[in-house]
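# Examining the three-dimensional arrangement
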Amino acid sequence: MSDLFGLAFPFFGLIFLGYFCGWRVRLPESGLAWLTFFVIYVALPALFYRIVAQTPIHELANPAFILAVVASTATTSLIALGIGLYFRRGHVGEAAIAVTIGAYANVGYMGPGLTLAALGQAAATPAALIFACDSLLFFTIVPLLMSVRGRGENLLHTLGLIAKRVFTHPFNIATMLGVLAAALEFREPEPLSRMLDFLRNAAAPCALFALGVTVALRPLKRVPVELGPLLVLKLVLHPMIALVSLSLFGPFSQVWTETLLLMAALPPALNVFVLARQYHVFMEEASAAVLLGTLFSVVTVTGMLYLLRGHLIPLSLF
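Keep in mind the model is a prediction, meaning the values are calculated, not measured.

This brings us to the nonpolar core. Ranked by size, the top nonpolar core spans 97 residues in total, and within it Phe65, Ile97, Ile101, Leu261 and Leu262 carry the most contacts. Counting residues per element, this core draws most heavily on helix H7 (residues 124-147), which supplies eleven residues. If sequence neighbours within four positions are ignored, isoleucine 101 has contacts with Leu227, Leu230, Leu231, Lys234, Pro268, Val272, Phe282, Glu285, Ala286 and Ala289.

Written out as structure tokens, the structure reads:
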């Protein structure tokens, strides 16, 4: 148990340290701009590039695992869409953000650092594949749903916007460059390699601290009734759906299975609020979901780590 506490505490400790600083100091949110830029455009891309580039190319070509990831996330998204449409009385725009609350795990800020610390370097490749699949899925689903909400969005414009966001997102660019480097067996010059290692090591601490500050600067005003089932779906049911999906498309190695289960148990991503703010819909609910989801995930993610460390979850149901 002490080992489990020692593993989980640094991650949630950094989040709550950031939350405390954001709550206590109350600097304007604009002060986070350069730190956020560093995390999204520099540190995390360096992390994903290094993870993928150092992986043998044959390990990256794993269509069965990709299908398992997409199936689990898509199934969870469909359930979340049903919940959103039910509670929002058919409002497609608000239901689109509900989809991200119920199915879009924090695979960018929390995922890489937590999985590597808990499962070791062998978790690097599945973590990168999960991030790429989830990013592609949600950067496609949300704009498409927004385009059919009856406000005159042009479908061709939406498709072009989707393609632009998918292929220009810094995480996806870094992942694709990593795949190319792995295929060519490219190795960076030593000075560049050291710089990439510095950036890689800075990614998780900066991201988690920024997450805590960002959540603190968006105070909780009310808890919408639909957040209950959406957060239960995200934190509890999503890992169960992932286990079924792994069983259907597997078998996979223990590390790859555990990586997907752990990342499926993560709370809603910060991009939930970013997307809500972009479309000017469901913003207060999205902010509350990130705050409460992060808080409750202290229990659920720690519980998942306990189950994985004790090998209490079967690697296959069938």
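Our focus in this paragraph is the packing of aromatic side chains. Applying the stated criterion to the full structure yields seven aromatic pairs. Measuring from ring centre to ring centre gives 5.5 Å for phenylalanine 65 and phenylalanine 252, while their planes differ by 80 degrees; the resulting arrangement is edge-to-face. With a gap of 187 residues between them, phenylalanine 65 in helix H4 (residues 63-87) and phenylalanine 252 in the loop between helix H11 (227-249) and helix H12 (254-264) connect regions that are remote in the sequence. Taken individually, phenylalanine 65 and phenylalanine 252 each receive the classification buried, so the pair is uniform in this respect. When the ring of tyrosine 104 is compared with that of phenylalanine 138, the centres are 4.5 Å apart and the planes differ by 10 degrees; the resulting orientation is stacked. Here the residue tyrosine 104 occupies a position in the loop between helix H5 (92-103) and helix H6 (111-119), and phenylalanine 138 occupies one in helix H7, the gap between them amounting to 34 residues. Of the two residues examined, tyrosine 104 and phenylalanine 138, each falls in the buried class. Here a set of aromatic residues connected by ring pairs shows up, and it is made of Trp34, Phe37 and Tyr41.

What follows is about H5. The end-to-end C-alpha distance of H5 is 16 Å, a good match for the 16 Å that twelve residues give at a rise of 1.5 Å each. Within H5, eleven of the twelve residues are buried, leaving the element largely enclosed by the surrounding structure. Along H5, the residues that are buried comprise Gly93, Glu94, Ala95, Ala96, Ile97, Ala98, Val99, Thr100, Ile101, Gly102 and Ala103. In this fold, the buried residues of H5 make contact with H4, H7, H11, helix H13 (271-279) and helix H14 (283-309).

A cluster of nonpolar residues, Phe167, Ile173, Met176, Leu177, Leu180, Leu184 and Phe186, forms a patch on the protein surface that exposes about 690 Å² of accessible area. Ranked by residue count, the leading element in the nonpolar patch is helix H9 (residues 170-184), at five residues. With respect to the helices and strands, phenylalanine 167 occurs in helix H8 (residues 155-168). The exposed category is assigned to phenylalanine 167, whose relative accessible area is 53%.

Summarising the element assignment, leucine 262 is placed in helix H12. Taking the C-alpha atoms as reference points, leucine 262 and phenylalanine 65, separated by 197 residues in sequence, lie 15 Å from one another. If we ignore the near neighbours within four places in the chain, the residues touching leucine 262 are Leu114, Thr115, Ala118, Val301, Met304, Leu305 and Leu308.

This part is about the state of the cysteines. Considering all chains together, one arrives at zero disulfides under this definition. Lacking any disulfide linkage, cysteine 21 is separated from the closest cysteine sulfur, that of cysteine 206, by 13 Å. Looking at cysteine 21, the relative accessible area reads 26%, which means it is partly exposed.

Before going further, it helps to examine H14. In a regular helix each residue adds 1.5 Å, so 27 residues correspond to 39 Å; H14 covers 37 Å between its end C-alpha atoms and thus fits that length. At serine 297, H14 shows its maximal kink, close to 45 degrees.

In the structure shown here, the tally under the stated rule is five salt bridges. Its salt-bridge partner being aspartate 197, residue arginine 50 comes within 2.9 Å of it at the nearest N-O pair. Residue arginine 50 is found in helix H2 (residues 33-53), and its partner aspartate 197 is found in helix H10 (residues 190-216); the two are separated by 147 residues along the sequence. Given the relative accessible area of 29%, aspartate 197 is considered partly exposed.

Rules used in this analysis
- Residues numbered from 1 in each chain as written.
- Predicted model: local features only at pLDDT ≥ 70, side-chain atom pairs only at ≥ 80, totals over all residues.
- Heavy atoms only, no water.
- Core = buried A, V, L, I, M, F, W, Y, C linked by side-chain atoms within 4.5 Å.
- Buried < 20%, exposed > 50% of the residue type's maximum accessible area, 1.4 Å probe, protein only.
- Helix = DSSP H or I, 4+ residues; strand = E, 2+ residues; numbered from the N terminus.
- Contact = heavy atoms within 4.5 Å.
- Phe/Tyr/Trp six-rings, centres within 6.5 Å; stacked < 30°, edge-to-face > 60°.
- Expected span 1.5 Å × (residues − 1).
- Patch = residues over 30% accessible without salt bridge, like charges linked within 9 Å, V, L, I, M, F, W, Y side chains within 5 Å.
- Areas by Shrake-Rupley, 256 points an atom, 1.4 Å probe, with all protein chains shown as cover.
- Salt bridge = Lys/Arg side-chain N within 4 Å of Asp/Glu carboxyl O.
- Disulfide = S-S within 2.5 Å.
- Bend = angle between axes of the 7 residues up to and from the residue.

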